[in-house]
Amino acid sequence: MWSLPQPKTRSGRDMSQPELKVSEKDFSRQIEDLLNVFGWRWCHFRPARTGRGWRTALSGHQGFVDYVAVRNGMCLFFEIKSEKGKLSGEQEKWIEDLKVVAGHSLGVQVYVWRPSMFDEIVKILQ
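Analysis parameters
- Residues numbered from 1 in each chain as written.
- Predicted model: local features only at pLDDT ≥ 70, side-chain atom pairs only at ≥ 80, totals over all residues.
- Heavy atoms only, no water.
- Helix = DSSP H or I, 4+ residues; strand = E, 2+ residues; numbered from the N terminus.
- Buried < 20%, exposed > 50% of the residue type's maximum accessible area, 1.4 Å probe, protein only.
- Contact = heavy atoms within 4.5 Å.
- Areas by Shrake-Rupley, 256 points an atom, 1.4 Å probe, with all protein chains shown as cover.
- Salt bridge = Lys/Arg side-chain N within 4 Å of Asp/Glu carboxyl O.

A word on the overall build of the protein
Within the protein one finds 3 helices and 6 strands. Residues classed as buried in the protein amount to 28% of the 126 residues present. Once local pairs closer than 6 in sequence are excluded, the contacts in the protein between residues at least 24 apart make up 59%. Accessible area for the protein stands at about 9,100 Å²; split by element, carbon and sulfur atoms hold 54% of it.

What follows is the structure in structure tokens.
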């Protein structure tokens, strides 16, 4: 049986699928709740507003991932982004380097997570 094709946006997204509009801040809270519920020890480096704009107090190379979490011999490094958020060049370099480490280490995993991946994230963190 023939049916009409589903309308698509300019970016090619199927308009029958709802677009998630979750801010990075709200998504962070959801991830932190999951980390706590599932018993992970975790750390998040939060930027703060200064007289010179938003800054994160760190020494070393810029772009380190948002979160590090450990539990039962597992170590996760992950960056979270809104659905349309883009990685900076520095973030891409960190993720690339961490994935090399993960490739040689049991229990180390590296991710970039977006709200549309929520079900997959829950499975990973359980």
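Picking up after the structure, the text goes on.
Considering the pattern of salt bridges
Tallying each qualifying case throughout the model produces 2 salt bridges. Its salt-bridge partner being Asp26, residue Arg29 comes within 3.1 Å of it at the nearest N-O pair. Remark: Asp26 and Arg29 occur in helix α1 (residues 24-37); sequence separation between them is 3 residues, near one turn of the helix. Residue classification places Asp26 among the partly exposed positions, given a relative accessible area of 37%. Notably, a salt bridge pairs Glu79 with Lys81, separated by 3.7 Å at the nearest N-O pair. Lys81 carries the same exposure label as Glu79, and that label is buried.

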